[in-house]
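A closer look at the structure
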Amino acid sequence: MKITIFGTGYVGLVTGACLADVGHDVLCMDVDAAKIARLDAGEVPIFEPGLEHLVSSNVAAGRLRFTTDAAAAVAHGTLQIIAVGTPPDEDGSADLKYVLAVASTIGEQMADYKVIINKSTVPVGTADRVRETVARAIEARGEAIEFDVCSNPEFLKEGNAIEDFTHGARIVVGTDSERVKDLMRECYSPYIRLHDKLMFLDIRAAELTKYAANAMLATKISFMSEIANLAERLGADVEQVRRGIGSDPRIGYQFIYPGCGYGGSCFPKDIQALARTASDIGYEAELLSAVEAVNRRQKHSLFDKLAQAFDGDLAGKTIAVWGLAFKPGTDDMRDAPSRTLMEALWDAGARVQAYDPQAMKECRRLYGERDDLVLVADRIQAVKGADALVICTEWNDFRAVDFAWLKQQLATPVIVDGRNLFDPALVKQAGLLYYAVGRGDSLQAPSRA
């Protein structure tokens, strides 16, 4: 099939590469000429395991191409996939200006039947707005061209996006058109041969499904943050609690790992957007507000533990940070707990010495050159001479540590572990003060000796 994708960000690029890899003829369009030039040169602007190879091999095979020419993009595919950003507006709602701009472009340029597919995460009712925008543009030309609009939300996890696209649990399509169903089944046929995981829903149900899925996962994370904070104050180990409740098949083990909060490009903005949608229709979504509030508090917990460990005096201290990305397997630092920590440390007069396997370039892009931020080559350099170590991301690089060696590197033997990577007994045996999340710790002031 000839398929056009508007947007070469995370979702658009992964979608384009995966569809091209099964034989479709894919043209990706973006208004960012510099990004298109990089892609044409074989440079993938984001880090996602396996994506660079997938893009380069399909470009070489002639199945994946890139353009800034909107007219050529509209002319190319019967399927027109919208995969542009929907950043949060000032009130927390999803900003649809890019989605509607693409819809207008399609309406202005199309000459024959198209299926316009919303893959961007959008509020319920967006398909109606896209349909109205396209129809208005066609009418302004004095034309009468048939088209359909459907919802096809993505369910990609950063760090595992290609596996999620090719072997995901479900493919959701919102449509009431039999013609669209046939075309979408043809599009995804290579991925549904083993079992038919293609689910056809009403359009509004499909739009809400994406938000509901992310809200449920974020709720599990915030719930475990609450339980961890209770465990910490009750002298219980939340990791044992996690195993106890996770063994219940009604709950399961996924997304119940306590930590320093969620971040990234999806959960924070999607929770806010869904809460704003509820507010707009006169419904107070109390649970969604609580999920977001708990997460904001949890991201501050790393700094709070440090401040308590040093009696509130962090001025002049050097803090080692292991992990900057919001999760392993990506270089994405959007709403990452590391950012909340570092910005609080700088406000307190501390200096940060940080390492991340993938997010160093992104950190430099966000914060530039500054005297109180040193980005180092590895985890060893990060802890040399530091007053304490904080772990923000659970990269495999950080899971095995010689604690006796680590104590020698740190000026003060303090570890704040935002991801519960280590056995507290082993860390404390080495003479380190170990403050994890919900592991029954009682903070003690470190020795200045």
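Scroll up for the structure.
**Focus on helix 13 (residues 337-347)**
- Of all eleven residues in helix 13, eight are buried; the element is thus mostly enclosed.
- Here helix 13 has its buried residues at P337, S338, T340, L341, M342, A344, L345 and W346.
- Directly beyond the C-terminal end of helix 13, a positive phi value near 90 degrees is found at G349.

**Points about the pairing of strand 5 (residues 114-118)**
- In terms of burial, strand 5 is largely enclosed, as five of its five residues are buried.
- Here strand 5 shows two buried faces, one formed by K114, I116 and N118 and the other by V115 and I117.
- Of the strand pairs in this sheet, strand 4 (residues 79-82) and strand 5 are connected by four bridges, and their pairing is parallel. Opposite I82, over in strand 5, you have N118 as the bridge partner.

**Quick notes on the packing of aromatic side chains**
- Within this structure, the stated rule accounts for nine aromatic pairs.
- Relative to Y188, the ring of F165 has its centre 6.3 Å away and its plane inclined at 45 degrees; by these criteria the two rings are tilted. Separated by 23 residues along the polypeptide, F165 in helix 7 (residues 161-167) and Y188 in helix 8 (residues 178-188) bring together distant segments of the chain.
- The exposure class assigned to F165 is buried, which follows from its relative accessible area of 10%.
- Note on Y188: relative accessible area 3%, which makes it buried.
- Geometrically, the ring pair formed by W322 and F398 is stacked, given 5.2 Å between the ring centres and 20 degrees between the ring planes. In this pair, W322 sits in strand 9 (residues 318-322) while F398 sits in the loop between strand 12 (388-391) and helix 16 (403-409), placing the two residues 76 residues apart along the sequence.

**A short note on unusual backbone geometry**
- Positive phi values are uncommon outside glycine, yet F255 reaches one of about 65 degrees.
- Assignment of secondary structure puts F255 in the loop between helix 10 (238-246) and helix 11 (267-280).
- Residue F255 is classed as partly exposed on the basis of its relative accessible area, which comes to 29%.
- In this structure, N420 takes a positive phi of about 50 degrees despite not being glycine.
- You can see N420 is positioned in the loop between strand 13 (414-417) and helix 17 (424-429).
- What makes N420 buried here is its relative accessible area of 9%.

So, how was this worked out
Residues numbered from 1 in each chain as written. Predicted model: local features only at pLDDT ≥ 70, side-chain atom pairs only at ≥ 80, totals over all residues. Heavy atoms only, no water. Buried < 20%, exposed > 50% of the residue type's maximum accessible area, 1.4 Å probe, protein only. Helix = DSSP H or I, 4+ residues; strand = E, 2+ residues; numbered from the N terminus. Pairing = 2+ DSSP bridges. Phe/Tyr/Trp six-rings, centres within 6.5 Å; stacked < 30°, edge-to-face > 60°.

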